[in-house]
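Secondary and tertiary structure notes
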Amino acid sequence: MKQFNNAAMNPITVSAPGKLMLFGEHAVVYGHPCIVTAVGQRMFLTVQTLNSKLLTLNSPEVNVTNYSKLLDQLGEGEMPKGARFIEIAVKNFSEKYTVKSGLQITTRSEFASTFGFGSSSASTVCTIKALSELFDLKLSNKEIFDLSYKTVLDVQGKGSGFDVAAAIYGGSLLFFTGGKEITPLTINHLPVIIGYSGIKADTVRLIEKVAEKAEKEPEVVEDIYKRIEQIVEKAKTAIEKSDFEEAGKLMTENQLLLSQLDVSSEKLDAMIQAARDAGAYGAKLSGAGGGDCMIALRNAQGKPAVEKAIERVGGQVIDVETNVEGVRVENKQM
Ligand code: PMV
């Protein structure tokens, strides 16, 4: 086992992107593929060693200031919500690689945690990547995935890890739960329009809601998952060929199946319908449902009309790039 001493090292800053689910949510939890894209709003995290036995954390965007914990007590006692993923990521990393020096971590986010862009998984990935760099471990993307995914499961209990994969690999990915397969897609451009519903989705509760439905109506739900899988396969081909008309049609079909799983909401339905009425090729919710964001596809020419329509029913249009670079080192010296 590799061990580290208290030697002072230069701070490391890394950043990782947020994510947006394009196709296949919920079914992905049960072994079917999904398509996720990394979005161009990033989480930044800086780590440096401390001459103490403490982890100290500052994450102002989630109201964590000067939080500290002894390294050998990580994961024990009270943990503020905004500190959980980073604290458990440090714990998992140091259990594997025995970190002996104290650590000071600071984060800065370009996106609000309310959007559902995956700020928790981005900060988890940043933590593991930054520690790997700080201690010169040269962990592979898959090793970073495995430790980050373990962290997400430790904190949240459920999830496929698609958000972790997007934060690490970037671009757009065909993804299977637990990272069993992570295949980068060849996409030039993705004319997606994003509307935020103003309501925070409760991912874990929605996963449980779908699980309850699957218990009551196993055949119905399994059939929905299979149809979602077929949509994902066709959507992969369509977006790789830049056939957005077809991809849009598939989004609307995917939305219909998500509605049958009871995970849409009135607000999301209104935004999706408004986008379609304004000429979008298609639209659907993105992520667990219940709130967070919807997405629509339309060429540049039709974008303003779709955006206005989404705003007219109370949605907030979020202008972000998609298909962006995954986790990266920003600087080794500040
Ligand atoms: O709510 P989000 O954006 O984290 O998306 C959840 C997507 C699910 O498929 C429902 C769960 C998962 O981890 O894949």
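Rules used throughout
Residues numbered from 1 in each chain as written. Predicted model: local features only at pLDDT ≥ 70, side-chain atom pairs only at ≥ 80, totals over all residues. Heavy atoms only, no water. Helix = DSSP H or I, 4+ residues; strand = E, 2+ residues; numbered from the N terminus. Rg over C-alpha atoms; globule rule 2.2 N^0.38 Å. Buried < 20%, exposed > 50% of the residue type's maximum accessible area, 1.4 Å probe, protein only. Areas by Shrake-Rupley, 256 points an atom, 1.4 Å probe, with all protein chains shown as cover. Pairing = 2+ DSSP bridges. Axes fitted to C-alpha atoms, helices over the stretch in contact; angles between N-to-C directions. Parallel < 35°, antiparallel > 145°, perpendicular 65-115°, else oblique. Left-handed = near helix turned anticlockwise from the far one by under 90°. Contact = heavy atoms within 4.5 Å. Nonpolar A, V, L, I, M, F, W, Y, C, P; charged D, E, K, R; others polar. Salt bridge = Lys/Arg side-chain N within 4 Å of Asp/Glu carboxyl O. Core = buried A, V, L, I, M, F, W, Y, C linked by side-chain atoms within 4.5 Å. Near = heavy atom within 4 Å. Polar contact = N/O pair within 3.5 Å; in protein donor to acceptor, adjacent residues only side chain to side chain.

All right, on to the overall build of the protein chain then. Broken down by element type, the protein chain carries nine helices and twelve strands. For a compact globule of 334 residues, the expected C-alpha radius of gyration is about 20 Å, and the protein chain comes in at 20 Å, within 12% of that figure. Counting only C-alpha atoms and orienting by the principal axes, one finds that the protein chain spans roughly 60 × 45 × 35 Å. Burial analysis of the protein chain (334 residues in total) assigns 55% to the buried set. Total accessible area on the protein chain is roughly 14,100 Å²; 47% of this is exposed by carbon and sulfur atoms.

A word on the pairing of strand S4 (residues 64-70). Note: strand S3 (residues 54-59) against S4, five bridges, orientation antiparallel. Paired with serine 59 across the two strands is valine 64, which belongs to S4. Here S3 hands over to S4 after four residues, with asparagine 63 in that stretch at a positive phi of 60 degrees.

The interhelical angle for the contact between helix H2 (residues 119-134) and helix H3 (residues 141-156), taken along N-to-C directions, is 135 degrees, at an axis separation of 9 Å. When the axes of H2 and H3 are compared, the pair comes out oblique. Here H2 runs over H3; the crossing is right-handed. Touching Thr124, Val125, Ile128 and Lys129 of H2 are Ile144, Leu147, Ser148, Thr151 and Val152, all from H3. When its residues are assigned to classes, the contact of H2 with H3 shows five nonpolar, three polar and one charged.

Before going further, it helps to examine the pattern of salt bridges. Evaluated as defined, the whole model comprises 17 salt bridges. Residues joined in a network through salt bridges with shared partners are Lys213, Glu217 and Asp262.

Here four strands make up an open sheet; going across it, the order is S9-S10-S8-S11 and the pairing antiparallel. Taken across any chain shown, the strands that pair with only one partner, and hence form the sheet edges, are strand S9 (282-286) and strand S11 (316-318). For this sheet, the mean angle separating the axes of adjacent strands, direction not counted, is 30 degrees. Examined bridge by bridge, strand S8 (residues 192-196) and S11 share three bridges and lie antiparallel to one another. From the neighbouring strand, isoleucine 194 faces S11, where its bridge partner is isoleucine 318. Sheet strands touched by helix H7 (residues 244-260): S9 and strand S10 (293-297). Its angle to S9, the strand with the most contacts, is close to 50 degrees. Contacts from helix H8 (residues 266-277) reach S8, S9 and S10, with the element oriented near 155 degrees to S9.

Here the focus is the nonpolar core. Counting residues in hydrophobic clusters, the biggest one holds 104 residues, and the most contacted among them are Phe93 and Phe117. With nine residues, helix H6 (residues 218-240) is the largest single contributor of residues to this core. Apart from residues no more than four positions distant in its own chain, phenylalanine 117 is found in contact with Gly18, Lys19, Leu20, Val39, Gln41, Phe111, Ile194, Cys293, Ile318 and Val320.

With that out of the way, let us pick up the site of the ligand. Looking at the ligand, there are 13 residues lining it, with Lys19, His26, Ser160, Thr203 and Ala288 nearest. Contact between the ligand and lysine 19: an oxygen atom at 2.5 Å from a side-chain N or O atom of the residue. One of the backbone N or O atoms of histidine 26 is found 2.9 Å from an oxygen atom in the ligand. Surface burial for the ligand is 94%, taken as the share of its 380 Å² of free accessible area covered by protein chains.

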